[in-house]
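Structural features, examined
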Amino acid sequence: MDHLPALQVVLPLFCAPLCAVLGRANLAWMLALAASWLTFLISALLLHEVLQQGVISYAMGNWPAPLGIEYRIDSVNAYMLLIVSAIGAIVLTAARPIVDTRIRLPENKKPWFYAAYMLCLTGLLGMTITGDAFNVFVFLEISSLSSYVLISTGRDRRALTAAYQYLIMGTIGATFILIGIGLLYVMTGTLNMADLALRIPQVSNTRTLHVAFAFLTVGVGLKLALFPLHLWLPNAYAYGPSVVTAFLSATATKVAIYILLRMFFTLFGAEFSFKTMRLDLILLPLALIGIFSASLVAIFQTNVKRMLAYSSVAQIGYIILGISLASLTGLTAGIAHLFNHALIKATLFLALGCVSFRVGAAKLERMAGLGRTMPWTMAAFVIGGLSLIGVPLTSGFISKWYLVVGALERGWWPVAMLVLLTSLLAVIYIWRVVEVAYFKPPPENEVIREAPLALLIPTWALALANLYFGLETSLNAGVARQAAATLLGVTP
Amino acid sequence: MKQYAVLRVVIRLLLPLILLFALYVQFHGDFGPGGGFQAGVIFGAGVVLYALVFGLHNARTIFPPWLLRLGMSLGVLIYAGVGIVSLLLGGNFLGYGALDAHHPEHGQHLGILLVEMGVGITVSAVMISIFFAFAWRGR
Amino acid sequence: MATVFGYFNYWVVVVLMMTGFYVVISANNLVKKLVGLNVFQTSVFILYISMGKIFGGTAPILVEQPVVYTNPIPHVLILTAIVVGIATTSLGLALVVRINEAYGTIEEDEIHSLSEEESL
């Protein structure tokens, strides 16, 4: 039990090379599946332990903390670990039919897909769990490199250019982070996050530290697709395979946001980030412009996957908006939306995976009549859509609610109005899909069947989770509030 | 490349030295500068040199794809395996001290040696694979 | 003058960083973009190596009496970053090879116009 923090990362890491040597796609899938559900179990145990007993610290290689690498788990990253591993496990459960048919890889290379998936999971979990600043960079690159590979396996040849574009922008982002960490090390002589948090205030008025802050913010901003640094995202999500999109949209950007939170609140402290550097003045307009412009662009897309990709940019805007409020409620909204948006987008993209499995491509005109031919898939899509809009009784409502309350608390009622207004934009683009799917006749000359159960069951599990967490909010909102309190250093 | 006798002879003389130097860097890595990554790259560079002069076909018969795939995976498995063994023996993950119950420093020694070996195997296999992946493409 | 020559290596870092970054943004050829990216990354390697180096310091290998030594941690960190750089470059080049096979060109504007036609 004491070694759960290490096993959390090592299990998928160990599994990746095994997948690669197995040589048979089905065996590799089963192995990866077992490992990913086990990681989910571990993260659930960790969250339980953290909520019971407080912070867990694990010294890698028995080297004590400031010198050695420390894995440090508090309520914030235990919560993130749960999100990442849960989505990773559920999406992988659905992966097999799509990997078997809709991925541009020869049969003998398919085990490598699962190896890359496992490495990506390793990287994301590692970034979340570690308490060492340089470790964040290493795990970031592990997850990024494997996600470029995963995206490039899409059938469309544009997947290759999308992966290339992501590689260039992602590497620039990671290098910026590397510069930032280097400058922090120069000023403090430590890489341990807890140690950094103690030493940064002593040098907080130096220009080097301000530059480090700027580099880190821009670098992480690139990785989390903060408007206007989001240009890699729409293509990467639109042309990558559906399972990959579902996995990455629900986890990769979220973990980057977690790094941002860690940096603003734990490393530099809310006082420095929001009072000295006035981040709220930068993040708030960027978030609002991002929400507006991305939602507007989403309305005019004909490729549904691309539409949802733009909607992801908008949703990230909501999360950043919550963070920029820098209050307990605002931060709770942001963190709860991390969870809810992960559920929503995984549901929607998996439903699109079902659609493209049967219809071939997630184009709007090809979805005509799917409400009748693929009722279960489209029902799951509608639930995800409602949750995206933020209809009461769905999980999306919870985070929107906290966001509006948080904005009103600060007296920023125009912001609250804008949040409600932009939800209407989400209604428009979701409605476009619903209209085509339910009110247009299916094409007469082809027979479209419902998606196979192997895809439907995970999709529905996620859809039902959307409804469940809309009613039972102790996990998404309750723990989010505790995590927000931990970050701000107050009692909830 | 058949006509370049000088090149072939020189490479034949140099190649064992290059590979030997790679092994030296590998196993001397825990006393002085060196280690698995550098050694793996030197080893890989030696093989690339061999392939350039004696042809890709010959190099691929010595390092067939299955062997490289095994090597790439095996190295990571050794690395993680050492970590898990030390974890089972009562230390933390990668806490080499636990490998030898009576003399922790012997355990440290053994642990770093094995881990660096894993790194070396993976890096050399990856380096050779990258070269083959580009050179063999389109054949 | 002291700011120019005293911080010589940091000026090199700045120049390399900006050169690399400019090449990444401006180059039209996908391979050249990767070259620019490499230069950009290399500048950061030099930044790290400079910050650990002390003039007259030796390698920190166990010796009898204490000596002035160079801080090894930034150097070890940058070894990791170099490995990452190699992985990024080779993956990027592999993608360029695949792009060339799929589109028949590695010029960004040509690929862009080919993609535009597809999405219409």
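Everything numeric here is computed off the predicted structure, so don't read it as measured data. (Residues numbered from 1 in each chain as written. Chains lettered and ligands numbered in written order. Predicted model: local features only at pLDDT ≥ 70, side-chain atom pairs only at ≥ 80, totals over all residues.)

**Topic: the overall build of chain C**
A tally of helices and strands in chain C yields five helices and zero strands. Going residue by residue from the N terminus, the α and β elements of chain C occur as α-α-α-α-α. Against the globule reference of 14 Å for 120 residues, chain C gives a C-alpha radius of gyration of 20 Å, more extended than a compact globule. Along the first, second and third principal axes, the C-alpha set of chain C runs to 70 × 35 × 15 Å. (Helix = DSSP H or I, 4+ residues; strand = E, 2+ residues; numbered from the N terminus. Rg over C-alpha atoms; globule rule 2.2 N^0.38 Å.)

**Concerning the overall build of chain A**
What chain A contains, in helices and strands, is 20 helices and two strands. In terms of C-alpha radius of gyration, chain A reaches 21 Å, essentially the compact-globule figure of 23 Å for 492 residues. Expressed as a percentage of the 492 residues in chain A, the buried residues total 65%. Put simply, 78% of the contacts in chain A that link residues at least 6 apart link residues at least 24 apart. (Buried ≥ 20, exposed ≤ 12 C-beta atoms within 10 Å, placed from the backbone. Contact = placed C-beta atoms within 7 Å.)

**Let's talk about the pairing of strand S2 (residues 70-73) of chain A**
All names here are of chain A. Going residue by residue along S2, you find Glu70 and Arg72 tucked away on one face and Tyr71 and Ile73 tucked away on the opposite face as well. Sheet topology places strand S1 (residues 56-59) next to S2; four bridges connect them, and they run antiparallel. Across the sheet, the residue bridging to alanine 59 is glutamate 70, located in S2. (Pairing = 2+ DSSP bridges.)

**Structural notes on the interface of chain B and chain C**
Taken residue by residue, the interface counts seven residues in chain B and seven residues in chain C. By residue number, the principal contributor to the side of chain B that touches chain C is helix H5 (residues 104-135) of chain B, which donates three residues. Classifying every residue of the side of chain B that touches chain C by side-chain character gives five nonpolar, one polar and one charged. (Nonpolar A, V, L, I, M, F, W, Y, C, P; charged D, E, K, R; others polar.)

**Things to note about the confidence of the model for chain A**
Looking at chain A, pLDDT values average 89 and 99% of them are 70 or higher. The lowest-confidence element of chain A is helix H15 (residues 370-373) of chain A, averaging 83 in pLDDT; the highest-confidence one is helix H5 (residues 133-152) of chain A, averaging 93. (pLDDT = per-residue confidence, 0-100.)

**Looking at the interface of chain A and chain C**
Across the contact, 23 residues belong to chain A and 28 residues belong to chain C. For the side of chain A that touches chain C, the secondary structure elements donating two or more residues are H5 and helix H6 (158-188) of chain A. Considering each element in turn, the side of chain A that touches chain C owes the most residues, 15 residues, to H6 of chain A.

**A few points about helix H1 (residues 5-27) of chain B**
Residue and element names in this part refer to chain B. Here H1 contains 23 residues, and its C-alpha end-to-end distance of 34 Å stays within 8% of the 33 Å for a straight helix at 1.5 Å per residue. The sharpest bend along H1 reaches about 30° and sits at leucine 14, with the proline proline 16 one to four residues further on. Listing the buried residues of H1 in full gives Ala22, Val25 and Gln26. On the buried face of H1, the contacting elements are helix H2 (36-54) and H5. (Expected span 1.5 Å × (residues − 1). Bend = angle between axes of the 7 residues up to and from the residue.)

**Here we look at the packing of helix H3 (residues 75-101) of chain A against helix H4 (residues 110-129) of chain A**
Two measures define how a pair of helices packs: the angle their axes make with one another and the distance between the axes. Residues and elements named next belong to chain A. Running from N to C, H3 and H4 point in directions that differ by 170°, and their axes come no closer than 9 Å. Considering the angle they form, H3 stands roughly antiparallel to H4. Contacts between H3 and H4 pair Asn77, Met80, Leu81, Val84, Ser85, Gly88, Leu92 and Val99 from the former with Lys110, Phe113, Tyr117, Leu121, Leu124, Leu125, Thr128 and Ile129 from the latter. (Axes fitted to C-alpha atoms, helices over the stretch in contact; angles between N-to-C directions. Parallel < 35°, antiparallel > 145°, perpendicular 65-115°, else oblique.)

**A closer look at the environment of leucine 19 of chain B**
Residue and element names in this part refer to chain B. Along the chain, leucine 19 falls in helix H1. By the C-beta count within 10 Å, which is 15 here, leucine 19 ends up partly exposed. Residues leucine 19 and phenylalanine 43 lie 24 residues apart in sequence; the distance between their C-alpha atoms is 5.6 Å. Excluding residues within four positions of it along the chain, leucine 19 makes contact with Phe43 and Gly46.

**Observations concerning helix H10 (residues 242-267) of chain A**
Residue and element names in this part refer to chain A. Helix length check: H10 (26 residues) gives 36 Å between terminal C-alpha atoms against 38 Å at 1.5 Å per residue, within 8%. Helix geometry: H10 is bent most strongly at leucine 248, by close to 40°. In terms of burial, H10 is a largely internal element, 26 of the 26 residues being buried. Two residues or fewer after H10 comes glycine 269, characterised by a positive phi angle close to 85°.

**Observations regarding the packing of H3 of chain A against H10 of chain A**
Residues and elements named next belong to chain A. Closest axis-to-axis distance for the H3/H10 pair is 8 Å, and the angle between their directions is 170°. If you check the angle between H3 and H10, you find them roughly antiparallel. Along the contact surface, H3 presents Val76, Asn77, Met80, Ile83, Val84, Ile87, Gly88, Val91, Ala94, Ala95 and Ile98, while H10 presents Ser242, Val243, Ala246, Phe247, Ala250, Thr251, Lys254, Val255, Tyr258 and Leu261. Broken down by class, the residue content of the contact of H3 with H10 amounts to 16 nonpolar, four polar and one charged.

**With respect to the nonpolar core**
Core analysis: the biggest nonpolar cluster contains 264 residues, and Val91, Met118, Ala163 and Ala346 of chain A have the highest contact counts within it. Each residue touching methionine 118 of chain A, except ones within four places of it in the same chain, is listed here: Pro12, Cys15, Ala16, Cys19, Ala32 and Ala35 of chain A. (Core = buried A, V, L, I, M, F, W, Y, C linked by C-beta atoms within 7 Å.)

**Some points on the environment of alanine 101 of chain B**
All names here are of chain B. You can see alanine 101 is positioned in the loop between helix H4 (65-88) and H5. Accessibility expressed as a C-beta count within 10 Å gives 11 for alanine 101, which makes it exposed. In sequence terms alanine 101 and leucine 89 are 12 residues apart; their C-alpha atoms lie 8.5 Å from each other.

**Here's the deal with unusual backbone geometry**
Most peptide bonds adopt trans geometry, and most residues besides glycine take a negative phi value. All names here are of chain A. The peptide bond linking phenylalanine 227 to proline 228 adopts the cis configuration, its omega dihedral lying at 0°. In this fold, proline 228 is placed in the loop between helix H8 (207-223) and helix H9 (233-239). Positive phi, close to 50°, is recorded for arginine 278, a residue that is not glycine. Exposure remark for arginine 278: the 10 C-beta atoms within 10 Å place this residue in the exposed category. Of note in this structure, alanine 326 is not a glycine but carries a positive phi near 55°. Structurally, the position occupied by alanine 326 is in the loop between helix H13 (304-325) and helix H14 (328-359). The exposure class of alanine 326 is buried, given the 23 C-beta atoms found within 10 Å.

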